[in-house]
Protein chains: 2
Amino acid sequence: MSSRPSLAQVAALSGVSVKTASRALSGEGYVAVETKARVQSAADELGYRLNRTARELRRGGNTSTLVGLLSGDLANPFYSRLASGLERELRMHGLQLITASTDENPEWERRLTDSLLERRVRGLVVASTMAEHGHLAAERRHGSPFVFVDRPPVDLTADAVLLDNRGGAKRAAEHLLERGHRRIGIVGDLSRLSTHQDRVEGFAEAMEAAGVADWRDYLLEDAHDVDKAERAVRALLARDPAPTALFTTNNRITTGALRAIGHTPFPAAATAKDAADKGTPAGKGTALIGFDELDLGDVLGVSVIAHDPEEMGRHAARLLLARLDGDDGPARRVVLPTRLIERSTTAPV
Amino acid sequence: MSSRPSLAQVAALSGVSVKTASRALSGEGYVAVETKARVQSAADELGYRLNRTARELRRGGNTSTLVGLLSGDLANPFYSRLASGLERELRMHGLQLITASTDENPEWERRLTDSLLERRVRGLVVASTMAEHGHLAAERRHGSPFVFVDRPPVDLTADAVLLDNRGGAKRAAEHLLERGHRRIGIVGDLSRLSTHQDRVEGFAEAMEAAGVADWRDYLLEDAHDVDKAERAVRALLARDPAPTALFTTNNRITTGALRAIGHTPFPAAATAKDAADKGTPAGKGTALIGFDELDLGDVLGVSVIAHDPEEMGRHAARLLLARLDGDDGPARRVVLPTRLIERSTTAPV
DNA sequence: ATGAAAGCGCTAACAG
DNA sequence: CTGTTAGCGCTTTCAT
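Cut-off values and rules
Residues numbered from 1 in each chain as written. Chains lettered and ligands numbered in written order. Predicted model: local features only at pLDDT ≥ 70, side-chain atom pairs only at ≥ 80, totals over all residues. Heavy atoms only, no water. Helix = DSSP H or I, 4+ residues; strand = E, 2+ residues; numbered from the N terminus. Rg over C-alpha atoms; globule rule 2.2 N^0.38 Å. Contact = heavy atoms within 4.5 Å. 1 Å grid on protein atoms, 1.4 Å probe; cavity = no way out; pocket = protein on both sides within 12 Å on 5 of 7 lines; lining within 4 Å. Points joined across faces, edges and corners; volume = space filled by probe spheres on them. Near = heavy atom within 4 Å. Polar contact = N/O pair within 3.5 Å; in protein donor to acceptor, adjacent residues only side chain to side chain. Axes fitted to C-alpha atoms, helices over the stretch in contact; angles between N-to-C directions. Parallel < 35°, antiparallel > 145°, perpendicular 65-115°, else oblique. Nonpolar A, V, L, I, M, F, W, Y, C, P; charged D, E, K, R; others polar. Phe/Tyr/Trp six-rings, centres within 6.5 Å; stacked < 30°, edge-to-face > 60°. Buried < 20%, exposed > 50% of the residue type's maximum accessible area, 1.4 Å probe, protein only. Lys NZ or Arg CZ within 6 Å of the ring centre and 35° of its normal.

Draft legend 1. Examining the overall build of chain A more closely. On a plain count of helices and strands, chain A comes out with 14 helices and 12 strands. Relative to the compact-globule value of 20 Å for 349 residues, chain A shows a C-alpha radius of gyration of 27 Å, a clear excess of over 25%. By its C-alpha atoms, chain A is 85 × 55 × 35 Å across when sized along the principal axes. Taking the intrachain contacts of chain A between residues at least 6 apart in sequence as the baseline, contacts between residues at least 24 apart amount to 69%.

Draft legend 2. Representation of empty space enclosed by the protein in the model. All names here are of chain B. With the rule as written, the count across this model stands at 6 cavities of 30 Å³ or more. Taken as a whole, the largest cavity holds about 170 Å³ of empty space. Around the largest cavity sit 17 residues that line it, and Asp-150, Arg-151, Asp-189, Arg-199 and Asn-250 are the ones nearest its centre. Of all the secondary structure elements, the ones that give two or more residues to the lining of the largest cavity are helix H5 (77-91), helix H9 (194-209) and helix H11 (251-261). Broken down by element, the residue count for the lining of the largest cavity peaks at 3 residues, all from H9.

Draft legend 3. Inspection of the protein's contact with DNA strand D at higher detail. Around DNA strand D sit 23 residues in total, of which Thr20(A), Arg58(A), Leu7(B), Lys19(B) and Tyr48(B) are the nearest. Among the atoms of DNA strand D close to the protein, meaning within 4 Å, 58% are from sugar or phosphate groups. Thr35(A) places a polar side-chain atom, nitrogen or oxygen, 2.6 Å from a phosphate oxygen of DNA strand D. Residue Leu7(B) places a main-chain N or O atom 2.4 Å away from a phosphate oxygen belonging to DNA strand D. Of all the elements in the fold, those that place two or more residues in the surface near DNA strand D are helix H2 (18-26) and helix H4 (52-59) of chain A together with helix H2 (18-26) and helix H4 (52-59) of chain B. Top element by residues in the surface near DNA strand D is H4(B). It accounts for 4 residues.

Draft legend 4. How the structure looks around the packing of H2(A) against helix H3 (residues 33-46) of chain A. Residues and elements named next belong to chain A. Between H2 and H3, the least distance of the axes is 9 Å, while the angle of their chain directions is 90 degrees. Here H2 lies roughly perpendicular to H3, going by the angle between them. Contacts between H2 and H3 pair Thr-20, Ala-21, Ala-24 and Leu-25 from the former with Thr-35, Lys-36, Val-39, Gln-40 and Ala-43 from the latter. Looking at the contact of H2 with H3 residue by residue, the classes come out as 5 nonpolar, 3 polar and 1 charged.

Draft legend 5. Highlighting the protein's contact with DNA strand C. The environment of DNA strand C is formed by 22 residues, the closest being Leu7(A), Tyr48(A), Thr20(B), Thr35(B) and Arg58(B). Note that a phosphate oxygen of DNA strand C is positioned 2.4 Å from one of the backbone N or O atoms of Leu7(A). Interatomic distance of 3.4 Å between a side-chain N/O atom of Arg59(A) and a phosphate oxygen of DNA strand C. Looking at the surface near DNA strand C, the elements with two or more residues in it are H2 and H4 of chain A together with H2 and H4 of chain B. It is H4(A) that provides the largest number of residues to the surface near DNA strand C, a total of 4 residues. Here the surface near DNA strand C is composed, by residue class, of 9 nonpolar, 6 polar and 7 charged.

Draft legend 6. Region of the structure containing the packing of aromatic side chains. Following the criterion strictly, the structure yields 6 aromatic pairs over all chains and no others. Ring centres 5.8 Å apart and planes at 75 degrees place the aromatic pair Phe203(B) and Trp215(B) in the edge-to-face group. With Phe203(B) in helix H9 and Trp215(B) in the loop between H9 and strand E7 (219-220), this pair connects stretches of sequence that are 12 residues apart. Looking at Trp215(B), the relative accessible area reads 3%, which means it is buried. One aromatic cluster is present, formed by Phe203(A), Trp215(A) and Phe247(A) through successive ring pairs. Positioned over the ring face of Phe291(A) is Arg199(A), at 3.8 Å from the centre of the ring.

Below, the structure written as structure tokens:
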């Protein structure tokens with residue numbers, strides 16, 4: 001548990017100055033091959049390893065290779081896929097990702113943001129759970145680019161990569177309406193989140209255009225985890241009259257809904273060919289469409305409004321990289337499309 | 001885009017020495033309340049933010065609050081749930097997680113490990129894809145604790161949190177054998193991974209104990225992604241005679257298998273009560289059991305050998321924290337249990 | 001209660 | 001090609 005060797009020790013062992021050792025190891029050049037070899041072997045012998053934080057300190061503010069990501073919880077596939085896409089793209093440019101989960105707690109988010117900024121991250125990607133972001137205005141002036149993902153900044157202009165929540169939700173509602181449904185239950189996440197509000201709005205737009213004025217009677221909100229969602233769906237289905245269809249506004253809620261309405265055993269299917277033949281429609285069960293694709297959505301036959309979280313991460317990385325590259329144009333806002341995938345849970349009756 | 005204010009600037013603005021400013025802001029004490037307030041307001045005015053890396057440099061080696069995680073790919077729920085459990089536990093102790101994905105590429109892993117060590121992470125949690133780890137021996141002497149997760153260290157003694165792969169796979173095979181199956185296909189991940197090998201071994205043990213000598217005829221390996229797995233399963237089912245059951249050795253392979261054999265539409269189920277009544281057995285389709293729980297495994301009715309990735313992360317955190325706390329006892333090895341969850345894909349005929 | 005000086009490990013700037 | 005000096009932003013002495 002001896003402490004780590006410094007460059008000075010390597011220099012001493014190889015009988016050169018610290019600067020020469022530095023040059024030899026960082027490949028700066030202008031070092032005799034023979035000297036370089038001597039320094040290298042001394043470094044190996046001591047188990048020397050560059051102290052990157054010291055280097056960054058000396059080189060000045062903007063040399064860190066760290067990018068921070070603030071998101072809800074990595075266990076949610078939406079966030080982990082976002083993180084995956086982001087990390088992959090950053091890595092191609094020599095940057096590393098440091099993640100922090102807020103659990104949708106604004107207080108935690110604030111604290112974690114501070115912590116990442118103290119670490120002098122090169123930039124910050126944030127799926128924010130806070131109501132406003134004015135406090136970050138000062139940071140931007142000090143040169144830390146922010147990219148907002150999934151949810152837009154409030155009281156702050158900054159780059160953002162968002163989803164077409166409103167359009168996607170509207171499409172979901174229209175799809176159910178086309179199938180003849182009128183009593184459509186809608187179960188949503190935390191009501192304070194803009195994504196939730198946008199999805200409800202899009203839904204409302206379609207419902208009202210179709211002349212369904214009392215859609216709010218079947219709206220349930222703040223179902224933030226799978227269990228709450230399952231209970232909410234059960235409650236909704238126990239109403240009289242019960243809804244004939246459901247729109248669940250994110251992956252966890254859809255999962256909860258499937259537990260409530262769809263806990264059916266795996267149907268027998270001897271081979272792939274057999275399976276293909278079994279394309280029976282959903283019949284008269286409760287129809288369902290969810291926002292967000294699910295891992296086994298295709299196997300289960302769940303209709304969804306799909307989009308690509310990895311792509312969102314890649315886009316965020318690209319916006320950030322452009323800023324780091326000196327782009328000081330106006331804030332950009334990228335809105336990623338969603339697409340309806342019709343599967344058996346909304347098959348025509 | 002002005003550069004960040006330093007403590008010296010805060011000190012200058014408030015008319016005190018750098019050290020006093022430091023004391024005031026870091027809450028060290030021994031500062032007049034009035035002075036402290038003055039420094040604080042100067043800091044606010046300038047938008048001062050502590051440079052944590054400078055602090056850590058001055059305070060000496062072991063003060064970083066960063067812990068590194070090396071894993072395959074965050075998009076895989078196994079890794080993201082591991083990361084989630086790990087991060088949550090670390091956060092409770094003031095530590096932050098920095099993640100790096102290796103994509104199961106040993107060369108990348110080596111490079112990323114170096115990078116994390118250069119950043120002077122406090123410790124490293126690694127789901128390694130490398131064949132041996134002797135090169136890390138030197139690091140441990142310099143005081144960087146390693147915790148191996150999912151896969152054990154080779155040529156190195158270090159703490160590890162592993163799964164009972166052998167026992168779980170054996171249980172899976174026994175379960176299928178109990179259901180009367182003899183021709184059981186087994187589809188595995190990269191053959192060089194120890195987890196894969198252990199699972200095949202456990203499977204083999206049960207098969208041979210049951211007198212099925214030619215089980216290897218139905219073994220397919222290196223199905224590392226969902227598409228490859230799907231093709232492998234199709235190939236297996238096209239054999240003559242075809243296997244009557246499948247054991248898929250991880251979550252991605254199980255997903256591929258479900259796509260190959262189970263692409264059946266969602267069955268109609270009006271209410272939860274209805275659904276409960278529909279408990280028909282799997283019938284004469286190909287039976288299936290997978291290693292790793294799936295997100296919608298219960299809804300789909302897929303039998304699995306389940307375990308808890310989050311718990312693995314928490315355990316890893318605890319081992320690491322103990323080391324950071326000075327524990328220098330012998331290397332610990334925690335083996336987490338698996339459990340069989342019987343669902344409809346292996347229901348009795 | 002406050003300050004001056006030194007130094008963490010490294011590299012930029014300027015010699016030679 | 002190599003070395004010296006200075007300093008990144010902070011905190012640890014050690015004074016006062």
